[in-house]
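Here's the letter readout for the chains.
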Amino acid sequence: MAVFTPVNLDDVSQWIKQFPLGKALALKGIASGIENSNFFLSTEHGEYVLTIFENLSFEQLPFYLNLMRHLAERGVLVPAPVANERGELIVALHGKPASIVSKLEGSSQMAPQPVHCAAVGAMLAKMHLAASDFPLQQPNLRGLDWWNETTPQVLPFLSDDNAHLLRAEMHFQDAFASCASYHALQRGPVHADLFRNNVMFDGERLTGFFDFYFAGCDTWLFDVAVTVNDWCVDLASGVLDTARVRAMLDAYHAVRPFTAAEQTAWQPMLRAAALRFWLSRLYDLHLPREAEMLTPHDPAHFERILRERIATPAPGLF
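Residues numbered from 1 in each chain as written. Predicted model: local features only at pLDDT ≥ 70, side-chain atom pairs only at ≥ 80, totals over all residues. Heavy atoms only, no water.

Quick word on the overall build of the protein chain
Right, on to step 1. Looking only at helices and strands, one finds 10 helices and nine strands in the protein chain.
Right, on to step 2. In terms of C-alpha radius of gyration, the protein chain reaches 20 Å, essentially the compact-globule figure of 20 Å for 318 residues.
Right, on to step 3. If one aligns the C-alpha atoms of the protein chain with their principal axes, the spans along those axes are about 55 × 45 × 35 Å.
Right, on to step 4. Counting across all 318 residues of the protein chain, residues that qualify as buried make up 55%.
Right, on to step 5. The contacts of the protein chain with a sequence gap of at least 6 include a subset with a gap of at least 24, amounting to 76%.
Right, on to step 6. Put simply, the protein chain shows about 13,100 Å² of open surface, and 55% of that area lies on carbon and sulfur atoms. (Helix = DSSP H or I, 4+ residues; strand = E, 2+ residues; numbered from the N terminus. Rg over C-alpha atoms; globule rule 2.2 N^0.38 Å. Buried < 20%, exposed > 50% of the residue type's maximum accessible area, 1.4 Å probe, protein only. Contact = heavy atoms within 4.5 Å. Areas by Shrake-Rupley, 256 points an atom, 1.4 Å probe, with all protein chains shown as cover.)

This is the structure:
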């Protein structure tokens, strides 16, 4: 949510007339995140988030916005996209695709306790089940193919030790993705980026998941692994907190029971989830795009998590 495309209130004041939101009253850039240009938008009708998409195309975006609408209609707590007077959810702004969604109440819980992890686990399972009949298909654009494309681009920037780790883990993940247990995993639309800063809470009450713009069709277990690797770790060491892991997994399992195939694939999938974010952070650090308010995340955080997942078995799914 950096700002790559500067927009001011005058720009938005004319553009927003096509939406049933009244006049634009205030616009503020959002500094966190690294993919799109995001703004808090205040209008006569309430508070919203305006996103200008820097990488995703007009053709790709219907998957994300219609998925959010599909989930909202089924009781999953997500922002509601706002259509313009022609029923369009994606409208050009400064020549780039843009959308408006409702702003969730509450704030991100950056020091989660087991009670927060349980709420996230239960809602994640509900989300997977609710999306199982979503008709659109789009792959996870930061999945295995992207890992293989990106690895040779970042290798020249790495120490010998980290280059060895990356090559070895890519070999492991390529083999894992071709095995029978991987192909037995249940699949469907996934969030794929459900970090602490992409969930809102009001106290202990979960008020919503947001930022679905890395979503795609992948294994549900990958989504769980990404979430556990952020919500249930000691940030300094990457070591899993068993109490938070158990709270999240047990709450998920109570809504959508894990399968035997998922239990078998759990340890490799935690490594896959760590690898995905180590790679993307390496890419953003060493091959950055220009943006206002952009500070790349430290790749060393997910390097530590990957090494820890390789060295230490995590608590089982059930």
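Additional details are given in the paragraphs that follow.
Observations concerning the nonpolar core
Right, on to step 1. Membership of the largest hydrophobic core comes to 85 residues, with the highest contact counts inside it found for Phe209, Val228 and Trp266.
Right, on to step 2. With 13 residues, helix 9 (residues 260-286) is the single largest residue contributor to this core.
Right, on to step 3. In contact with Val228, other than residues within four places in its own chain, are Val233, Leu240, Val245, Met248, Leu249, Trp266 and Leu270.
Right, on to step 4. Judged by nonpolar contacts, the second largest core, of 17 residues, contains Ile16, Leu21, Ala24 and Leu93. (Core = buried A, V, L, I, M, F, W, Y, C linked by side-chain atoms within 4.5 Å.)

Focus: helix 9
Right, on to step 1. The end-to-end C-alpha distance of helix 9 is 40 Å, a good match for the 39 Å that 27 residues give at a rise of 1.5 Å each.
Right, on to step 2. At Trp266, helix 9 shows its largest bend, some 55°, and a proline, Pro268, comes one to four positions later.
Right, on to step 3. Among the 27 residues that make up helix 9, 20 are buried, leaving the element largely enclosed by the rest of the structure. (Expected span 1.5 Å × (residues − 1). Bend = angle between axes of the 7 residues up to and from the residue.)

Quick notes on helix 4 (residues 144-154)
Right, on to step 1. Along helix 4, the residues classified as buried are Trp146, Trp147, Thr150, Thr151 and Val154. Down the axis of helix 4, the buried side of the element spans an arc of 135°, and every buried residue falls inside it. Pointing more than 90 degrees away from the buried face of helix 4 are the exposed residues Asp145 and Glu149.
Right, on to step 2. On its buried face, helix 4 sits against helix 5 (160-177), helix 7 (220-231) and helix 9. (Arc of directions from axis to C-beta.)

Brief notes about the packing of aromatic side chains
For any pair of aromatic rings, geometry is given as the distance between the ring centres together with the angle between the planes.
Right, on to step 1. Counted according to the given criterion, the structure contains 12 aromatic pairs.
Right, on to step 2. Geometrically, the ring pair formed by Phe53 and Tyr213 is edge-to-face, given 4.7 Å between the ring centres and 75° between the ring planes. Placement of Phe53 in the loop between strand 3 (46-52) and helix 2 (61-73) and of Tyr213 in the loop between strand 8 (205-209) and strand 9 (216-219) is noted, with a sequence separation of 160 residues between them. Comparing Phe53 with Tyr213 shows no difference in burial state: the two are buried. (Phe/Tyr/Trp six-rings, centres within 6.5 Å; stacked < 30°, edge-to-face > 60°.)

With respect to the sheet that holds strand 1 (residues 24-29)
Right, on to step 1. Overall, antiparallel pairing links the five strands, which are arranged 1-2-3-5-4 in an open sheet. In this open sheet, the two edge strands, each paired with only one partner strand, are strand 1 and strand 4 (91-93). Across the sheet, the mean angle from the axis of one strand to that of its neighbour is 35°, orientation sign disregarded.
Right, on to step 2. Alignment of strand 2 (residues 37-43) against strand 3, held across seven bridges, turns out to be antiparallel. Across the sheet, residue Phe39 finds its bridge partner in strand 3, namely Leu50. (Pairing = 2+ DSSP bridges. Axes fitted to C-alpha atoms, helices over the stretch in contact; angles between N-to-C directions.)

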